[in-house]
Number of protein chains: 2
Amino acid sequence: MSELSPYLNSVAKQIDRMIDRYYVDRAGELNKASAHLLAAGGKRLRPAVVMLAADAVKPGSSDDLMQAALALEVTHTFTLIHDDIMDDDSLRRGVQTVHTKWDMPTGILAGDVLYARAFEHICLVDAKDEAKVRAVKILAKACADICEGQHMDMSFEHRTDVSEGEYMEMVRKKTGVLYAAAAGIGAVLAGGNTVQVKALYNFGLNTGIAFQIQDDLIDLLTPSEKSGKDQASDLREGKQTIIMIKAREKGLDLQKYRRDLSAADINESIRELTAAGVIDEVKKIATDLVADSNKHLSILPDSKERQLLMDIGEFFVTRSS
Amino acid sequence: MSELSPYLNSVAKQIDRMIDRYYVDRAGELNKASAHLLAAGGKRLRPAVVMLAADAVKPGSSDDLMQAALALEVTHTFTLIHDDIMDDDSLRRGVQTVHTKWDMPTGILAGDVLYARAFEHICLVDAKDEAKVRAVKILAKACADICEGQHMDMSFEHRTDVSEGEYMEMVRKKTGVLYAAAAGIGAVLAGGNTVQVKALYNFGLNTGIAFQIQDDLIDLLTPSEKSGKDQASDLREGKQTIIMIKAREKGLDLQKYRRDLSAADINESIRELTAAGVIDEVKKIATDLVADSNKHLSILPDSKERQLLMDIGEFFVTRSS
């Protein structure tokens with residue numbers, strides 16, 4: 001995985017430059033609000049997946065597809081802006097959220113502007129029209145699914161009986177489909193055949209789900225100093241994560257942790273969940289998903305890019321922040 | 001114009017059936033919220049413009065483009081759902097607004113789902129891929145413009161010095177571009193050449209602006225019993241409409257009407273504005289726009305559909321509700 005980090009850095013720099021060009025350097029208050037979160041950094045993982053998928057199908061093709069890579073980052077950012085309004089979160093990526101810095105109507109509109117721009121970027125790709133139409137279809141379907149995933153996630157807040165199946169369906173839609181779209185769109189626009197597109201789509205779907213499961217683990221296990229987030233906030237809020245669901249299956253009562261938690265309380269919860277085998281089981285779900293993702297990639301010829309895609313999957317489930 | 005009304009009724013019936021099929025008959029709470037306003041009726045004017053533009057370019061082509069006609073109605077409805085949240089309006093088309101019947105997060109998501117579906121519908125049209133990509137581009141640009149128009153409209157609320165130029169720019173974006181997109185997309189998907197597409201786009205743009213100006217006149221002139229809306233609400237709220245702007249140019253003080261208004265007060269304001277020539281000037285702006293629209297259509301061969309497009313323009317500026 002030693003090559004992954006420099007690769008991701010190089011993609012991030014390219015995307016940052018495009019964001020400057022297409023978003024930051026534009027006049028007008030609504031444009032500023034649309035650019036705000038886009039320009040606040042981020043790992044640009046979805047653009048990297050678009051580019052790697054394209055190059056894994058047709059070496060060197062990603063140069064022509066940078067507009068599609070940007071489209072995925074722009075789509076992701078629009079969903080974050082709208083999510084922040086719904087959850088009334090005030091901070092994201094170390095900056096004020098859009099509806100906090102401006103207001104709720106501007107937040108809705110800033111997200112809506114990015115939504116449109118994502119489709120414009122796809123149309124600007126240097127590829128066959130037939131491929132662009134397929135890419136638009138994949139992106140539009142992903143956007144509709146993300147909305148359903150976010151709606152499911154919010155509906156879970158009022159429940160304590162969410163099943164593993166429901167959780168996986170929510171994560172598939174809320175997080176998985178956009179990684180799936182990233183890989184699928186890269187493959188389509190690079191001229192991939194149906195089998196290749198499907199394989200890359202499924203690769204993205206599984207790694208995306210694994211990414212979210214790892215996020216649930218990080219929330220519990222990573223100290224705030226390292227993650228930059230409040231440790232064990234899911235536990236404190238009684239959120240229906242895969243950890244919570246697996247614990248319930250084993251008869252563990254985590255309701256007692258729905259309160260202010262000291263460092264000792266958090267350690268006790270981790271000890272309890274580890275002893276019951278919950279942590280290992282959740283980790284296994286994530287690593288199994290990644291292993292399955294890699295199988296999808298076996299239909300592609302061996303290449304540096306195919307290896308980097310596998311490295312991304314590996315990175316998703318081993319990161320601790 | 002005797003043929004316009006039955007034509008519009010027939011389009012509305014077709015679109016209503018598609019809405020039933022693609023939206024109403026779907027399970028799930030978010031789908032219900034997305035379908036709510038779509039199913040609450042409406043004149044389906046934008047779909048009619050898509051179909052007439054297509055048939056004016058290539059007779060009979062609209063049969064293959066119903067998905068695009070639906071896309072325009074779905075786009076319009078998404079903007080209404082989000083606007084209702086921003087303006088916190090509780091009623092629309094005689095039913096509760098989405099965020100009132102459900103809640104704000106569901107309103108945002110219901111709009112976002114329709115946004116995605118609009119692009120999916122375009123992809124489903126039976127047309128050349130090159131035309132579909134152009135249609136996606138036109139629709140995406142229109143969506144971004146509508147956001148800017150809505151943002152301008154909201155920013156006007158804090159001002160009393162909006163110029164005619166600023167007003168026209170706002171209306172062009174908020175209302176004009178979606179009619180422009182409707183006509184342009186119909187022409188593109190029917191296989192129209194660049195000149196035809198541009199002509200129909202500009203036809204839609206001008207008639208759309210005229211439509212909004214007529215809305216401003218209706219607000220002031222049409223009694224509530226007939227319009228179903230509160231008469232003179234713009235005046236009472238000090239809204240920067242073209243009537244308000246023209247009145248200011250003539251040195252009329254309408255600030256005195258920013259209060260509860262009796263029927264006598266409203267009649268007095270109408271008398272004052274009429275005497276100063278404001279009403280006639282505003283009507284002339286709208287009718288000039290429609291006359292200009294019709295000139296754009298002169299490059300098309302004479303046809304029933306071209307006449308119906310002209311009739312729609314005429315209808316926009318003569319309707320009183």
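To keep things clear, this report deals only with the structure shown in the data block. Residue positions are counted from 1 within each chain, in the order its sequence is given. The lettering of chains begins at A and the numbering of ligands begins at 1, in the order of writing. Side-chain atom pairs in this predicted model are given and counted only at pLDDT of 80 or more, local residue features only at pLDDT of at least 70, and totals for whole chains, interfaces and linings cover all residues. Based on all heavy atoms of the structure, the side-chain values leave hydrogens and waters out of the count.

**Points about the relation of the copies chain A and chain B**
Note the threshold: Overlaid copies result from least-squares superposition on C-alpha atoms, with residues included only where pLDDT is at least 70 in both. Only heavy atoms enter the contact rule, under which two residues are in contact if any of them lie within 4.5 Å.
Overlaying chain A on chain B yields an RMSD of 0.0 Å, the required transformation being a rotation through 180° with an accompanying axial translation of 0.0 Å. Here the transformation between the copies is reduced to the relation of a two-fold axis. By C-alpha distance to the rotation axis, the residue of chain A lying nearest is Asp 129 of chain A, at 2.7 Å. When the interface residues of chain A are mapped onto chain B, 100% of them are again interface residues, pointing to one common binding face.

**Some thoughts on a negative patch on the surface**
We count it as follows: Patch definition: residues with relative accessible area over 30% and no salt bridge; like charges joined within 9 Å; nonpolar side chains (Val, Leu, Ile, Met, Phe, Trp, Tyr) joined within 5 Å. Surface exposure here means Shrake-Rupley accessible area, sampled with a 1.4 Å probe, where a residue is shielded only by the protein chains that are shown. When a carboxyl oxygen of Asp or Glu lies within 4 Å of a side-chain nitrogen of Lys or Arg, that pair is called a salt bridge. We treat Lys and Arg as the positive residues and Asp and Glu as the negative residues; His and chain ends play no part in the count. For charged residues, the charge sits on one atom: NZ in Lys, CZ in Arg, CG in Asp, CD in Glu. Secondary structure elements follow DSSP: runs of H or I no shorter than four residues count as helices, runs of E no shorter than two count as strands, and numbering proceeds from the N terminus.
Residues Asp 87, Asp 88, Asp 89, Glu 157 and Glu 237 of chain A make up a contiguous surface patch of negative charge. Summarising the element assignment, Glu 157 of chain A is placed in the loop between helix H7 (129-156) and helix H8 (164-189).

**What to know about the interface of chain A and chain B**
Just so we agree on the cut-off: We call Asp, Glu, Lys and Arg charged. Ala, Val, Leu, Ile, Met, Phe, Trp, Tyr, Cys and Pro are nonpolar, and the rest, Gly among them, are polar.
Contacts between the two partners involve 35 residues from chain A and, on the opposite side, 35 residues from chain B. Counting only elements with at least two residues in the side of chain A that touches chain B, the list comes to helix H2 (29-38), helix H4 (66-87), helix H6 (104-123) and H7 of chain A. Broken down by element, the side of chain A that touches chain B gets its largest block of residues, 15 residues, from H7 of chain A. Among the residues forming the side of chain A that touches chain B, the class breakdown is 20 nonpolar, five polar and 10 charged.

**Considerations on the pattern of salt bridges**
Residue and element names in this part refer to chain B. The condition is simple: Note on classification: 1.4 Å probe, protein chains only; a residue is buried when its accessible area is under 20% of the maximum for its type, exposed when over 50%, partly exposed between these limits.
Applying the stated criterion across every chain, the model contains 48 salt bridges over all chains. Between Lys 256 and Glu 272 there is a salt bridge whose closest N-O contact spans 3.2 Å. Taken together, the residues span a long stretch of sequence, with Lys 256 in the loop between helix H12 (242-249) and helix H13 (263-275) and Glu 272 in helix H13 at a distance of 16 residues. We classify Lys 256 as partly exposed; its relative accessible area is 42%. In this structure Glu 272 comes out as buried when scored by relative accessible area, which is 14%.

**Here's the deal with unusual backbone geometry**
All names here are of chain B. In this structure, Asp 88 is a non-glycine residue whose phi angle is positive, near 45°. Relative to the helices and strands, Asp 88 resides in the loop between helix H4 (66-87) and strand E1 (91-92). Positive phi, normally seen in glycine, also occurs at Arg 93, with a value near 50°.

**Considering the state of the cysteines**
Covalently bonding the sulfur atom of one cysteine to the sulfur atom of another cysteine gives a disulfide. Applied cut-off: For the purposes of this analysis, a disulfide is any pair of cysteine sulfur atoms at a distance within 2.5 Å.
For the coordinates displayed, the defined rule picks out zero disulfides over all chains. In this structure Cys 123 of chain A is not part of a disulfide, and its nearest cysteine sulfur, from Cys 123 of chain B, lies 8.8 Å away. Just so you know, Cys 143 of chain A is unpaired, no disulfide at all, and the nearest cysteine sulfur is the one on Cys 147 of chain A, 7.1 Å from it.

**A look at helix H12 (residues 242-249) of chain A**
All names here are of chain A. Burial analysis of H12 places six of its eight residues in the buried class, which makes it a mostly covered element. Considered for burial, the residues of H12 that qualify are Ile 242, Ile 243, Met 244, Ile 245, Lys 246 and Ala 247. At its buried positions, H12 is contacted by H8, helix H9 (194-221), helix H13 (263-275) and helix H14 (278-297). Downstream of H12 by a residue or two, Gly 251 has a phi angle that is positive, lying close to 80°.

**Topic: the packing of aromatic side chains**
The test is simple: Stacked, tilted and edge-to-face are the three classes assigned to paired rings of Phe, Tyr and Trp, where Trp is represented by its six-membered ring and a pair needs centres within 6.5 Å; plane angles under 30 degrees give stacked, over 60 edge-to-face, the rest tilted.
A complete count under the given rule lists 14 aromatic pairs over all chains for this structure. Relative to Phe 119 of chain B, the ring of Phe 119 of chain A has its centre 4.0 Å away and its plane inclined at 5°; by these criteria the two rings are stacked. With Phe 119 of chain A in helix H6 and Phe 119 of chain B in helix H6 (residues 104-124), this pair bridges two chains. Each member of the pair Phe 119 of chain A and Phe 119 of chain B is classed as buried. Measuring from centroid to centroid gives 6.3 Å for Tyr 115 of chain B and Phe 119 of chain B, while their planes differ by 20°, and the two rings are stacked. Of this pair, Tyr 115 of chain B and Phe 119 of chain B both sit in helix H6, four residues apart, which is roughly one turn of the helix. A relative accessible area of 1% means that Tyr 115 of chain B is categorised as buried.

**Section: helix H3 (residues 45-57) of chain A**
Residues that lie three or four places apart on an α-helix share one face, since the helix turns once every 3.6 residues. Rule in force here: For a helix, the expected span equals 1.5 Å multiplied by the number of residues minus one.
An ideal rise of 1.5 Å per residue puts 18 Å on 13 residues; H3 of chain A measures up with 18 Å between its terminal C-alpha atoms. For H3 of chain A, the buried fraction is high: 13 of the 13 residues fall into the buried class.

**Overview of the packing of helix H9 (residues 194-221) of chain B against helix H15 (residues 304-318) of chain B**
All names here are of chain B. Quick reminder of the rule: In this analysis an axis means a line fitted to C-alpha atoms, helices contributing only their contacting stretch, and an angle means the value between N-to-C directions, from 0 to 180 degrees. The cut-offs work like this: below 35 degrees is roughly parallel, past 145 is roughly antiparallel, 65 to 115 is roughly perpendicular, and the gaps in between are oblique. We call a crossing left-handed when the near helix sits turned anticlockwise from the far one by less than a right angle, and right-handed when that turn is clockwise.
Packing of H9 against H15 brings their axes to within 8 Å, and their N-to-C directions diverge by 20°. In terms of axis orientation, H9 runs roughly parallel to H15. The crossing of H9 and H15 is left-handed. Counting all contacts with H9, which are made through Leu 200, Phe 203, Thr 207, Ala 210, Phe 211 and Gln 214, the residues of H15 involved are Leu 309, Gly 313, Phe 316, Val 317 and Thr 318. Here the residues of the contact of H9 with H15 are counted per class, giving seven nonpolar, four polar and no charged.

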